[in-house]
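# Coordinates in review
Next come the chains, spelled out residue by residue.
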Amino acid sequence: MKYLLFYVLLFISSCSIAKEPLRIGVITDTHYLSEQLMEEGQALNDYIASSGKNIKDVPQVLDQVLNEYLNSDIEVLLICGDITKDGEKLSHLDFLKKLKPLQDKGIKVYVIPGNHDINMPNASEYKGDKKLPVANISPDDFASIYKDCGYSNALKRDDNSLSYVASLDDQTWLLAIDAARYKEYTTGSITAGKISPDTERWILEILREAKQKNKQVIGMMHWGFAEHIMYQSSFFKDYLVDDYQRLANLFADNGVKAIFTGHFHSNDITAFTSDKGNVIYDIETGTLSAYPFSYRFVELDANGMKIRTENVISIPGNSNLAEEDKQRMLKLSTALAKSKINKLGYNLSEEISGLFADIIGQIFIKHAYGDEKVDKSLKEYLEKLSEATDIPINMNEIELDFPPEDNNLYIKF
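Summarised in this report is the structure supplied together with it. Here the structure is a predicted model, which is why all the values come from computation and not from measurement.

Ile27, Tyr69, Leu77 and Met305 are the most contacted members of the largest nonpolar core, which totals 92 residues. The greatest single-element share of this core, amounting to six residues, is contributed by helix H3 (residues 58-70). By size, the runner-up hydrophobic cluster in this structure holds nine residues, among which are Leu33, Leu37, Tyr47 and Ile48.

Shown next, in the form of structure tokens:
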């Protein structure tokens with residue numbers, strides 16, 4: 001009998017030690033413009049046509065995603081910056097109202113600014129054919145507005161930025177890093193991000209304390225720590241935090257296993273291995289302001305995390321939202337690629353520059369969705385380019401995606 005009691009107590013003890021995964025939602029780059037600041041008209045349509053942001057549909061997309069989170073079992077929602085279109089005060093206030101049902105349910109929401117959220121000189125509203133200036137916010141305003149989204153309940157805050165550390169549960173800390181350069185803005189935002197030396201020292205103190213207290217640390221920042229496509233540091237360096245390789249080594253070697261990022265509007269995960277052999281995963285989530293309208297569900301445990309990605313396909317009034325926006329983004333990215341190619345000054349023929357642009361446009365759309373592969377359409381363009389340039393292309397050697405997978409996977413720490 002006494003042995004039976006022993007095994008019962010042992011079973012109960014093991015059950016109490018076993019911990020349920022921490023369930024997390026992740027969104028970023030919502031680029032939300034308050035419904036009060038936009039009216040149908042030429043000014044709004046021109047902005048959507050020329051930018052990578054379908055701001056007209058963001059409110060409905062956002063409502064749909066937040067409602068799904070509300071009806072899910074997530075305990076935490078992470079928002080990795082570029083909350084607003086251009087830092088409009090009213091956009092921040094109305095965005096906060098959309099978060100309230102989740103917070104009322106007990107879901108803990110954490111935010112960090114991107115380059116479009118604070119001190120924006122071009123905060124605007126769109127009325128008919130007019131774009132008009134509106135009030136923006138300061139760094140102090142940001143911390144005040146989002147006081148219940150990480151700032152008032154932070155374990156510690158950095159004195160030199162809007163970075164903070166918060167406790168997600170008994171075993172896990174969230175390190176939210178502010179790398180935005182809003183103190184330097186004059187006429188517009190600065191796309192590049194940088195962690196100041198003072199903030200870096202503060203971060204290292206936090207990581208040392210976490211190690212002493214045996215806390216698991218996950219990060220959140222708007223800018224990437226690792227390249228997500230070939231030559232990103234050459235052609236799109238402003239989407240990686242300044243000095244990213246040294247910092248990725250530093251974070252990996254000080255115990256950070258994963259960091260949630262955004263900024264590049266693509267759904268991609270890259271594993272970075274430090275010189276000492278430690279791995280940190282840069283988990284970049286796509287924007288909710290354009291195709292493929294990505295958002296994440298994460299189950300975090302002591303050994304790793306299970307990641308599931310969802311996409312908004314339709315909204316009320318537009319059952320074809322995703323496909324229409326995909327074609328808009330393909331057209332825009334192809335045009336931008338052709339413009340960049342022409343500026344390189346290689347004196348390419350119209351046919352060859354056009355083929356290069358078409359290929360780059362298709363690759364960008366595939367990268368935005370994640371898990372990109374060479375499909376029939378891209379293969380045909382590559383074959384045409386090979387014929388036009390008389391340069392052989394080995395399809396088996398083309399690798400579009402860095403490991404691991406991007407959308408649905410389990411990452412083992």
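Relative to strand S5 (residues 130-133), strand S4 (residues 124-127) runs antiparallel, the two sharing four bridges. Looking across to S5, one finds that Ser124 is bridged to Pro133. In sequence, S4 turns back onto S5 through a hairpin of two residues, with Gly128 there showing a positive phi of about 60°.

On to the sheet that holds strand S2 (residues 76-79). In spatial order, the strands read S3-S2-S1-S13-S14-S15; together these six strands make up an open sheet with mixed pairing. Looking along the sheet, the strands with just one partner apiece sit at the ends: strand S3 (108-111) and strand S15 (409-412). Ignoring which end each strand starts from, the neighbouring axes of this sheet average 20° apart. Bridge count between strand S1 (residues 22-27) and strand S13 (residues 294-301): five bridges; the pairing is antiparallel. Within S13, the residue paired with Gly25 across the bridge is Phe297.

Tallied over the entire structure, the rule returns 13 aromatic pairs. Each ring, one from Tyr32 and one from Phe95, has its centre 6.0 Å from the other, and the planes form 55°; the classification is tilted. Here Tyr32, found in the loop between S1 and helix H2 (42-50), pairs with Phe95, found in helix H4 (residues 89-105); they are 63 residues apart in sequence, far enough to count as distant. By relative accessible area, which is 1% here, Tyr32 ends up buried. These aromatic residues form a ring-pair network of at least three members: Phe142, Tyr146, Tyr151 and Tyr164. The ring of Tyr381 has Lys384 lying over it, and the distance from NZ or CZ to the ring centre is 5.4 Å.

On to the packing of helix H7 (residues 197-212) against helix H9 (residues 244-253). It is at 11 Å that the axes of H7 and H9 come closest, and there the two elements cross at 20°. Here H7 is positioned roughly parallel relative to H9, judged by the angle of their axes. The handedness of the crossing between H7 and H9 is right-handed. Mapping the contact onto sequence places Glu200, Ile203 and Leu204 in H7 and Arg246, Leu247, Leu250 and Phe251 in H9.

Mapped onto the secondary structure, Ser353 falls in helix H11 (residues 350-369). Among all residues touching Ser353, those that are not within four sequence positions of it are Lys338, Ile341, Asn342 and Leu348.

Within a sheet, neighbouring strands are paired by backbone hydrogen bonds and run either parallel or antiparallel to one another. If you walk across this open sheet you meet the seven strands as S6-S7-S8-S9-S10-S12-S11, and the pairing is mixed. The sheet is open, and its two borders are formed by strand S6 (156-157) and strand S11 (268-273), each paired with just one other strand. Running over the sheet, H7 touches S6, strand S7 (164-167), strand S8 (172-177) and strand S9 (216-221) and is turned about 175° from S8. Seen against the sheet, H9 touches S8, S11 and strand S12 (279-284) and runs at an angle of roughly 115° to S12.

The final tally for this structure, using the stated rule, is 20 salt bridges. A salt bridge links Arg23 to Glu20, with the nearest nitrogen and oxygen atoms 3.3 Å apart. Where Glu350 meets Lys338, a salt bridge forms, and the shortest distance between an N and an O atom there is 2.5 Å. Taken together, the residues Glu350 in helix H11 and Lys338 in helix H10 (residues 321-343) connect sequence positions 12 residues apart. According to the relative accessible area criterion, Lys338 is partly exposed, its value standing at 25%. One network of salt bridges, in which partners are shared, links Glu20, Arg23 and Asp73.

Each value, and the rule that gives it
- Residues numbered from 1 in each chain as written.
- Predicted model: local features only at pLDDT ≥ 70, side-chain atom pairs only at ≥ 80, totals over all residues.
- Heavy atoms only, no water.
- Core = buried A, V, L, I, M, F, W, Y, C linked by side-chain atoms within 4.5 Å.
- Buried < 20%, exposed > 50% of the residue type's maximum accessible area, 1.4 Å probe, protein only.
- Helix = DSSP H or I, 4+ residues; strand = E, 2+ residues; numbered from the N terminus.
- Pairing = 2+ DSSP bridges.
- Axes fitted to C-alpha atoms, helices over the stretch in contact; angles between N-to-C directions.
- Phe/Tyr/Trp six-rings, centres within 6.5 Å; stacked < 30°, edge-to-face > 60°.
- Lys NZ or Arg CZ within 6 Å of the ring centre and 35° of its normal.
- Parallel < 35°, antiparallel > 145°, perpendicular 65-115°, else oblique.
- Left-handed = near helix turned anticlockwise from the far one by under 90°.
- Contact = heavy atoms within 4.5 Å.
- Salt bridge = Lys/Arg side-chain N within 4 Å of Asp/Glu carboxyl O.

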